[in-house]
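The primary structure of each chain is shown beneath.
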Amino acid sequence: MAERAEMPRRAASSRPSLPPPRPTPVGANPNVDQAQAYARVSVMFGTDRKLDPRAGTFGGGRGERISYGEITVSIPHGHRTGELEAPSLWKLELSEDPRKHVAVLDWSPLTRLGFLNRVRARVQAQGASGSSFVFVHGYNVAFADAARRTAQITYDLDYRGVPVFYSWPSQGTLQGYTTDENNAQWSEANLKRFLVDFAQKSGATDIYLIAHSMGNRVLTGALRQAFAEQPKLKGRFKEIILTAPDIDAEIFKRDIAPALVAGCDRITLYASNGDNALLASKKVHGYPRAGDTAEGIVVVPGIETIDASGLDTSLLEHSYFATAPPVISDIRRVLLDGLRAARRGLEPRTAGGGNYWKLKAAKP
């Protein structure tokens, strides 16, 4: 039985999110309990956010240490792939209903040892092919939102390994961008420790790392440190998936990509030319981002770049990795089938002397 820390157990609140289409059957997924009027998805987490005991959840402040736990999130039986169903004022919904919404139900704090033991037990239950993913969210994401997103992609991918997310202290507000940048950099060392621990003691055979937006800065910074300090980690991570990275494109190509390629044989980068969040980031920083293809796509030896332009119908077109069914389906083939881009039916293209792939919408 997992060791529990002396911390409060409470449900956390969340905020509305985005939509797209199509239901996904989950069946006997060990992460999903379908026995109630809604599905319950169980995911693990690590965070260096500061706990607010009065609110019973983690806020936007920096914690003194990494906290661990397990969290349960509802997925309504009418869920549509890519959607984070949330209360709508148009429907006169003033509070969350797990039968209709993706909502945090409860969470259990764990000690570091309790967390690792719990992950190991869930991995062992899979048998010899035990796997896990670690998701690192981006800017403007509250702790509850990170949990909801992790549960949603677990459900939509029908992922049967152990789902884990690492939540750094994003402010969860649009105006908190600069603070989020500072906290993203501050969290690199903590995430490095978390990943090294996880790689060495989780028991997972295959570990997939997934980052979104500014979370790519936290993940790539952590990995650069980890690979430099511990060469034995080379090849330990099955795949690194970078989605819509909010990173200076030139810095990524010159400094970050070579360090990642030296430590991992399989890296996938998803980018788009309609990502309004990254276009705004370019205006702030003065240079294109690695996840933005408007001024040219990032093509780097050792990294498979996927052009996902035109697949997100939301206002920002920024969260397509989790909201656009064609991208979700492509990531599923990476995680579940282990297929490289050349075997996933993508359209090969060339730019800057290198190859990349175009992902198209599925035909109706």
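Keep in mind the model is a prediction, meaning the values are calculated, not measured. (Residues numbered from 1 in each chain as written. Predicted model: local features only at pLDDT ≥ 70, side-chain atom pairs only at ≥ 80, totals over all residues. Heavy atoms only, no water.)

1. A word on the overall build of the chain
Defined as follows: Only DSSP runs of H or I with at least four residues qualify as helices, and only runs of E with at least two residues qualify as strands; both kinds are numbered from the N terminus onward. Note that the radius of gyration is over C-alpha atoms, with the globule rule given as 2.2 Å times the number of residues to the power 0.38. Think of it in three bands: with a 1.4 Å probe and only protein chains considered, a residue is buried below 20% of the maximum accessible area for its type, exposed above 50%, and partly exposed in between. Throughout, a residue-residue contact means that at least one pair of heavy atoms, one from each residue, lies within 4.5 Å. Note on areas: Shrake-Rupley with a 1.4 Å probe; residue coverage comes only from the protein chains shown. Note that His is not counted, nor are the chain ends; the positive residues are Lys and Arg, and the negative ones are Asp and Glu. Charged groups are reduced to one reference atom each: NZ for lysine, CZ for arginine, CG for aspartic acid, CD for glutamic acid.
In terms of helices and strands, the chain carries 8 helices and 12 strands. Computed over C-alpha atoms, the radius of gyration of the chain comes to 19 Å, within 12% of the 21 Å expected from 2.2 N^0.38 for 364 residues, which places it in the range of a compact globule. Out of the 364 residues belonging to the chain, those deemed buried represent 58%. Across the chain, every contact between residues at least 6 apart in sequence was considered, and the portion connecting residues at least 24 apart equals 78%. Accessible area of the chain: about 15400 Å², with a carbon and sulfur share of 53%. Across the chain, 46 positive and 38 negative side-chain charges occur, with their mean positions spaced 3 Å apart.

2. Focus: the nonpolar core
Rule in force here: Here, nonpolar core means buried Ala, Val, Leu, Ile, Met, Phe, Trp, Tyr and Cys residues that are tied together by side-chain atoms lying within 4.5 Å of each other.
Counting 51 residues, the largest nonpolar core has F115, F194 and F252 as the members making the most contacts within it. Take this core: its biggest share by element is 8 residues, from helix α3 (residues 177-201). Leave out the neighbours within four places in its chain, and F115 touches M44, F45, Y68, G69, L110, V164, F194 and F198. Counting residues in each nonpolar core, the second largest holds 48 residues, with V102, F321, A341 and W357 among its members.

3. Points about the packing of helix α2 (residues 143-157) against helix α8 (residues 325-335)
For the record, the criterion: What counts as an axis is a line fitted to C-alpha atoms, over the stretch in contact for a helix, and the angles between N-to-C directions run from 0 to 180 degrees. Oblique is the label for any angle not covered by the other classes, which are roughly parallel (under 35 degrees), roughly antiparallel (over 145) and roughly perpendicular (65 to 115). As a working rule, the residues Ala, Val, Leu, Ile, Met, Phe, Trp, Tyr, Cys and Pro are called nonpolar, Asp, Glu, Lys and Arg charged, and the rest polar, with Gly in that last group.
For the pair α2 and α8, interaxial distance at closest approach is 10 Å and the crossing angle is 75°. With respect to each other, α2 and α8 are oriented roughly perpendicular. When α2 is examined against α8, the residues Q152, D156 and L157 are found in contact with a partner set consisting of I328, I331, R332 and L335. Counted by class, the contact of α2 with α8 contains 4 nonpolar, 1 polar and 2 charged residues.

4. Description of the pattern of salt bridges
Filter applied, for reference: A carboxyl oxygen of Asp or Glu within 4 Å of a side-chain nitrogen of Lys or Arg is what we treat as a salt bridge.
The full count for this structure, using the stated rule, is 23 salt bridges. The partner of R118 in a salt bridge is E70, and the shortest N-O contact between them spans 2.9 Å. Of this pair, R118 sits in helix α1 (residues 112-124) while E70 sits in strand β3 (residues 57-76), placing them 48 residues apart in sequence. The exposure class of R118 is partly exposed, given its relative accessible area of 29%. A salt bridge links R122 to E70; the shortest N-O distance between them is 3.1 Å.

5. A few points about the environment of E239
Worth spelling out the cut-off: Whenever a nitrogen or oxygen atom comes within 3.5 Å of another N or O atom, the pair is scored as a polar contact, on the condition that within protein one atom can donate a hydrogen and the other can accept it, and that pairs from neighbouring residues in sequence are kept only if both atoms are in side chains.
Among the secondary structure elements, E239 is positioned in strand β8 (residues 239-243). Judged by relative accessible area, E239 falls into the buried class, the value being 0%. Between the C-alpha atoms of E239 and A226, which are 13 residues apart in sequence, the distance is 15 Å. There is a polar contact of 3.3 Å between the side chain of E239 and the side chain of R266.

6. Examining the environment of K201
Within the secondary structure, K201 is located in helix α3. Residue K201 is classed as partly exposed on the basis of its relative accessible area, which comes to 34%. Residues K201 and N117, 84 residues apart in the sequence, show an inter-C-alpha distance of 8.7 Å. Residues within four places of K201 in sequence aside, it is in contact with R112, L116 and R120.

Read these as layout, nothing more, since geometry by itself doesn't imply function.
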